[in-house]
Amino acid sequence: MNDLLRGINLYLIGMMGAGKTTVGKLLAQQLGYGFVDTDEVITQVAGQSINEIFAEQGEEAFRTLESQVLSQLCAYQRLVVATGGGIILQRANWSYLRHGLIVWLDVSPEDLYHRLKGDTSRPLLQHDNPLGRLQEIVTQRQPLYAQADVKLRVTVNDTPEQVMNGILERIPTVIKTESPQPPESDFEAVEDEQN
Ligand SMILES: Nc1ncnc2c1ncn2[C@@H]1O[C@H](COP(=O)(O)OP(=O)(O)OP(=O)(O)O)[C@@H](O)[C@H]1O
Ligand SMILES: O=C(O)C1=C[C@@H](O)[C@@H](O)[C@H](O)C1
Ligand SMILES: [Mg+2]
């Protein structure tokens, strides 16, 4: 698999709660890659939680930080990057994501709700109807997530290990391999014609 990937980064995209952080860590371990979580880097750089950044600086400031962090990752190879759920919203981010292979973990709003109910760390879900909010956000973002190179539908029955294996199985089908060298005999035939 590492020969096929030739060090390119893997970017996991998808809704909050899709499993990008959970599966990303496993995938990095399996590939011997480094692991970076953009949400984690942002909270370290800002010295604030995501809730605090949204409340004190606003979502736009968060999106600016997110874009800066993502752009800097292009300088590195052999990374699995768990992105924030909204990373796909800014057009400029797509050129950074396209630096590597983009993998979408596609989870239904109902399954996301099941995973995240009671969670207070995602500011966009601090809502009186979190399931309705998830349904709205999924509907808005679906066409953007669908631009990924690898699209993996994940259901409640899929363990993080199964999701990781699903990603690894699909990579060979989407990697653009270098065109193979012609066999030795073809070179000889060309040389023969020239002589
Ligand atoms: N395949 C899975 N099966 C069961 N639970 C899972 C699976 N993937 C993730 N979870 C659980 O769902 C929750 C959210 O997962 P995680 O934090 O990895 O999502 P995320 O995509 O990184 O979300 P965010 O965009 O908010 O960072 C966690 O409690 C995690 O343990
Ligand atoms: O889907 C989103 O917009 C977000 C997802 C999380 O990963 C965080 O980046 C933040 O809570 C916003
Ligand atoms: Mg995450």
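The structure presented is a predicted model; accordingly, all values stated were derived computationally and were not measured.

Conventions we followed
- Residues numbered from 1 in each chain as written.
- Chains lettered and ligands numbered in written order.
- Predicted model: local features only at pLDDT ≥ 70, side-chain atom pairs only at ≥ 80, totals over all residues.
- Heavy atoms only, no water.
- Core = buried A, V, L, I, M, F, W, Y, C linked by side-chain atoms within 4.5 Å.
- Buried < 20%, exposed > 50% of the residue type's maximum accessible area, 1.4 Å probe, protein only.
- Contact = heavy atoms within 4.5 Å.
- Phe/Tyr/Trp six-rings, centres within 6.5 Å; stacked < 30°, edge-to-face > 60°.
- Helix = DSSP H or I, 4+ residues; strand = E, 2+ residues; numbered from the N terminus.
- Pairing = 2+ DSSP bridges.
- Near = heavy atom within 4 Å.
- Polar contact = N/O pair within 3.5 Å; in protein donor to acceptor, adjacent residues only side chain to side chain.
- Areas by Shrake-Rupley, 256 points an atom, 1.4 Å probe, with all protein chains shown as cover.
- Nonpolar A, V, L, I, M, F, W, Y, C, P; charged D, E, K, R; others polar.

J.: Hey, could you go over the nonpolar core for me, with residue numbers and the actual values?
T.: Membership of the largest hydrophobic core comes to 54 residues, with the highest contact counts inside it found for I13, L27, L97, L105 and I167. Residues within four places of L27 in sequence aside, it is in contact with L10, L12, V80, M164, I167 and L168.

J.: Before we move on, can you summarise the packing of aromatic side chains with the specific residues and values?
T.: Enumeration according to the criterion identifies two aromatic pairs in this entry. Taken together, a centroid distance of 5.9 Å and an interplanar angle of 20° make the contact between W104 and Y145 stacked. A residue pair is termed long-range when its members are at least 10 positions apart, and W104 in strand β4 (residues 101-106) and Y145 in helix α8 (residues 130-145) qualify at 41 residues. Relative accessible area serves as the criterion here: at 6%, W104 is assigned to the buried category.

J.: Before we move on, can you summarise the environment of M1 with the specific residues and values?
T.: Its place among the elements puts M1 in the segment before α1 (2-5). Separated by 71 residues in the primary sequence, M1 and Q72 have C-alpha atoms spaced 25 Å apart. Those residues in contact with M1 that lie beyond four places of it in its chain are L31, L168, I171 and P172.

J.: If you had to explain the pairing of strand β3 (residues 79-82) to someone new, which residues and values would you point to?
T.: Of the two faces of β3, the one holding L79 and V81 and the one holding V80 and A82 are both buried throughout. With three bridges joining them, strand β1 (residues 10-13) and β3 adopt parallel strand pairing. Residue pairing across strands places Y11 opposite V81, the latter belonging to β3. Pairing between strand β2 (residues 34-37) and β3: four bridges, direction parallel. Of the residues in β3, the one forming a bridge with V36 is V81.

J.: How would you explain the site of ligand 1 if you had to name every residue and give the values?
T.: Within the structure, ligand 1 sits among 15 residues, and G17, K20, T21, T22 and R122 are positioned closest to it. Within the side chain of K20, a nitrogen or oxygen atom sits 2.6 Å from an oxygen atom of ligand 1. The backbone of P160 places a nitrogen or oxygen atom 3.5 Å from a nitrogen atom of ligand 1. Isolated, ligand 1 exposes 630 Å² of accessible area, and the fraction of that covered by the protein chains is 74%. Of all the elements, helix α2 (residues 20-31) adds the most residues to the shell around ligand 1, at three residues. For the shell around ligand 1, the per-class residue count stands at four nonpolar, six polar and five charged.

J.: Residues and numbers for the site of ligand 2, please.
T.: Residues in close proximity to ligand 2 include M16, D39, I50, F62, R63, G84, G85, G86, P123, L124 and R141, which together make up its full environment. With respect to ligand 2, the side chain of R63 contributes an N or O atom lying 2.8 Å from an oxygen atom. At 3.1 Å from an oxygen atom of ligand 2 is found a main-chain nitrogen or oxygen belonging to G85. In the complex, 97% of the free accessible area of ligand 2, which totals 310 Å², lies under the protein chains. In terms of residue class, the shell around ligand 2 is built from five nonpolar, three polar and three charged.

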